[in-house]
Amino acid sequence: MWLKSFVVASLLQVGVISAAHAAGPFGSVNVGNWIGGAFSNDQTGGFSHCAATTPYANGVILVVSQNAAGTWSLAFASPGYRFNKGENAAIDVTFDGQEQARLYATAYQSNMLTAIMPLNVVRTFQKASLMVATAGRAVLNFDLTSTGPVIAALANCVSKVKADGLDKAGDFTKGAAKPAATAEKQASPPAGSKVARARSGTGFVVSAGGHVVTNNHVINGCVGDIRGKLTGEAAMVLRVVSTDANNDLALLQAPSTTAFKDFARIRDRSFHSGDSVVAIGFPYHGLLSSDFTVTTGIVSSLSGMRNDTRFLQISAPVQPGNSGGPLFDTTGQIVGVVTGKIPGLRIAAATGDIPENINFAIKTGALRDFLDNSVVPYQTAEPKGELKTTDIAGNARAYTMLISCNATEQADAKR
């Protein structure tokens, strides 16, 4: 009962400043787990806003609203919040691990932060499946089920109440326009945009919950499903959780029904130039072996191109398709994520010499920061006894994946 009361109170409070004193709901919005309706301003008696809300297991209640002036807002409410009224906060939101926006929220009530949503953010919110909200150190995930039809119902609510008045409020989900986002999801690619051959890379599981790490450039531009496949097993559809284009990292999620025998552990001790490494991946998939390949080498340098300290330079040979794969030390712990090789032809054109065995991997510092920000329960391990390369490869078979998708020609051209 307390939750229902709090949800109703949240609906009353969310209409962007002027609706702190509101009455309702008039009529109804019922879409999936979203409930709401139209609300009036107690002080004037006039129409204030239409809003809908849904609670989450993380303790936060989302409230989406459009007021009489057409302004959209998104509020984060919780009975556990204790804000000073008027307090401001920046909230970074990421949709489906790709599109990002910064919202500027204000605490008009002590238990709620409310932010105005620009129209471009509303459209993205409407068509997205997952939203990750970050404020300070707090990172929260929201499954955006039914946001397309609820946005359409709220827009219909505002339009009908402004035209007919609150006394004629009814079921605003009836007669609501078909969400544009739904049409976008189902539409065929526009004329002139072609889907190229399948693209592939490598990824590896880093948690018992099926979180998979790969490179951002492996999945950027994918059209349709992204699939992961362990050697000898059926492919599974992976969902994008978050991405970091700056550090070329992406986090995917396997279906909750998938069980993994093991997952990778990240080395929890410093690494040195000259240390041996093992790279595993799926280079030239469809041309070479369908199984992963294993190469060995050393850490040539603790920095990448132009002294970029986020990267390791390694001598272990890698090819297209190795991107996103695990880089191991000799104890079988992760020491990096393979990201690419030096552009040999361009270097040869500039210097007259063809470079050999100059490849790069993202260090675990950047990887751990990315996983921490994505709230992934990964594990670290102290390096112990050395393993044979065959044993490292054998262990990695349980969690090293072929990542594949279809990509646009334009996206492939940018890789």
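Criteria and thresholds
Residues numbered from 1 in each chain as written. Predicted model: local features only at pLDDT ≥ 70, side-chain atom pairs only at ≥ 80, totals over all residues. Heavy atoms only, no water. Helix = DSSP H or I, 4+ residues; strand = E, 2+ residues; numbered from the N terminus. Contact = heavy atoms within 4.5 Å. Buried < 20%, exposed > 50% of the residue type's maximum accessible area, 1.4 Å probe, protein only. Arc of directions from axis to C-beta. Expected span 1.5 Å × (residues − 1). pLDDT = per-residue confidence, 0-100. Axes fitted to C-alpha atoms, helices over the stretch in contact; angles between N-to-C directions. Parallel < 35°, antiparallel > 145°, perpendicular 65-115°, else oblique. Nonpolar A, V, L, I, M, F, W, Y, C, P; charged D, E, K, R; others polar. Phe/Tyr/Trp six-rings, centres within 6.5 Å; stacked < 30°, edge-to-face > 60°. Disulfide = S-S within 2.5 Å. Pairing = 2+ DSSP bridges. Core = buried A, V, L, I, M, F, W, Y, C linked by side-chain atoms within 4.5 Å. Polar contact = N/O pair within 3.5 Å; in protein donor to acceptor, adjacent residues only side chain to side chain. Salt bridge = Lys/Arg side-chain N within 4 Å of Asp/Glu carboxyl O.

**Let's talk about the overall build of the chain**
Phase 1: Counting its regular elements, the chain contains nine helices and 24 strands.
Phase 2: Sequence separation of 24 or more characterises 62% of the internal contacts of the chain that already satisfy a separation of 6 or more.

**Structural notes on unusual backbone geometry**
Leaving glycine out, the prevailing phi sign among residues is negative, and the prevailing peptide bond configuration is trans.
Phase 1: The phi dihedral of Asp248 falls on the positive side, at around 55°, and the residue is not glycine.
Phase 2: Summarising the element assignment, Asp248 is placed in the loop between β14 (236-244) and β15 (249-253).
Phase 3: Phi at Val375 is positive, roughly 55°, even though this residue is not glycine.
Phase 4: By the secondary structure assignment, Val375 is in the loop between α7 (364-373) and β23 (380-381).

**Points about α7**
Phase 1: Every buried residue belonging to α7 is among Thr364, Ala366, Leu367, Phe370 and Leu371, and all of these are buried. Within α7, the buried residues cover an arc of 160° as seen down the axis, which keeps them to one side.
Phase 2: Once α7 finishes, Val375 follows within two positions and takes phi at roughly 55°, a positive value.

**Quick word on helix α3 (residues 147-164)**
Phase 1: In this model α3 runs 25 Å from its N-terminal to its C-terminal C-alpha over 18 residues, within 8% of the 26 Å that 1.5 Å per residue would give.
Phase 2: In the stretch just after α3, Gly165 is the one whose phi turns positive, near 90°.

**Describing the confidence of the model for the chain**
Phase 1: Residues at a pLDDT of 70 or more form 83% of the chain, whose mean pLDDT is 83.
Phase 2: Taken as a whole, residues 16-20 scores under 50 in pLDDT and shows 11 contacts with residues more than four places along the chain or in a different chain.
Phase 3: Throughout residues 344-348 the model reports pLDDT below 50, and contacts reaching past four residues in sequence, or to other chains, amount to seven contacts.

**Focus: the packing of helix α2 (residues 119-127) against α3**
Phase 1: Between α2 and α3, the shortest axis-to-axis distance is 6 Å and the interhelical angle comes to 130°. As far as their axial angle goes, α3 and α2 are oblique. Along its contact with α2, which presents Val122, Phe125 and Gln126, the element α3 presents Thr147, Gly148 and Ile151.
Phase 2: Across the contact of α2 with α3, the residue classes tally to three nonpolar, three polar and no charged.

**Looking at the packing of aromatic side chains**
Phase 1: Tallied over the entire structure, the rule returns six aromatic pairs.
Phase 2: Ring centres of Phe282 and Phe292 lie 6.1 Å apart, and the angle between their planes is 75°; this geometry places the pair in the edge-to-face category. Note that Phe282 is positioned in the loop between β17 (276-281) and β18 (293-301) and Phe292 in the loop between β17 and β18, a separation of 10 residues in sequence.
Phase 3: When its relative accessible area of 3% is taken as the criterion, Phe282 is described as buried.
Phase 4: Residue classification places Phe292 among the buried residues on the basis of a relative accessible area of 7%.
Phase 5: By the ring-pair criterion, three or more aromatic residues cluster together here, those being Tyr56, Phe76 and Phe142.

**Concerning the state of the cysteines**
Phase 1: If you walk through the whole model with that rule in mind, you get two disulfides.
Phase 2: Disulfide pairing places Cys50 opposite Cys157 at an S-S distance of 1.9 Å. Residues Cys50 and Cys157 are joined by a disulfide whose S-S torsion is about -75°; by sign, that bridge is left-handed. You can see Cys50 sitting in strand β3 (residues 47-55) and its partner Cys157 sitting in helix α3, a full 107 residues away along the chain. Considered together, Cys50 and Cys157 belong to a single accessibility category, that of buried residues.
Phase 3: Counting only the cysteines that form disulfides, in the order they appear in the chain, gives the pairing 1-2, 3-4.

**As for the pairing of strand β2 (residues 34-41)**
Within a regular strand, side chains alternate between the sheet's two faces.
Phase 1: Among the eight residues in β2, seven count as buried, and that is most of the element.
Phase 2: As paired elements, β2 and β3 share six bridges and run antiparallel to each other. Bridge assignment links Ser40 to a residue of β3, and that residue is Phe47.
Phase 3: Where β2 folds back onto β3 in an antiparallel hairpin, the turn is made up of five residues, including Gly45, whose phi is positive at roughly 80°.

**Looking at the nonpolar core**
Phase 1: Counting residues in hydrophobic clusters, the biggest one holds 50 residues, and the most contacted among them are Val213, Ile219, Leu371, Met401 and Ile403.
Phase 2: Not counting residues within four places of it along the chain, the set of residues in contact with Leu371 comprises Val206, Val213, Leu251, Ile266, Val376 and Tyr378.
Phase 3: In this structure, Val29, Ala52, Leu62 and Trp72 belong to the second largest nonpolar core, which totals 43 residues.

**Section: the side chain of Ser65**
Phase 1: With respect to the helices and strands, the residue Ser65 is situated in strand β4 (residues 61-67).
Phase 2: For Ser65, a relative accessible area of 1% puts it in the buried group.
Phase 3: Within the structure, the side chain of Ser65 is placed 3.3 Å from the backbone oxygen of Cys50, a separation counted as a polar contact.

**Description of the environment of Gln43**
Phase 1: With respect to the helices and strands, Gln43 occurs in the loop between β2 and β3.
Phase 2: Through-space distance from the C-alpha of Gln43 to that of Ala23 is 9.8 Å; in sequence the pair is 20 residues apart.

**Comments concerning the pattern of salt bridges**
Phase 1: As enumerated under the stated definition, the model contains eight salt bridges in all.
Phase 2: With a shortest N-O distance of 2.7 Å, Arg267 and Asp329 are connected by a salt bridge. Of this pair, Arg267 sits in strand β16 (residues 266-267) while Asp329 sits in the loop between β20 (326-328) and β21 (334-341), and the two are 62 residues apart along the sequence. Neither Arg267 nor Asp329 differs from the other in exposure class; each is buried.
Phase 3: Arg269 is the partner of Glu382 in a salt bridge, and the nearest nitrogen-oxygen pair spans 2.8 Å. Of this pair, Glu382 sits in the loop between β23 and α8 (389-396) while Arg269 is found in the loop between β16 and β17, placing the two residues 113 residues apart along the sequence.

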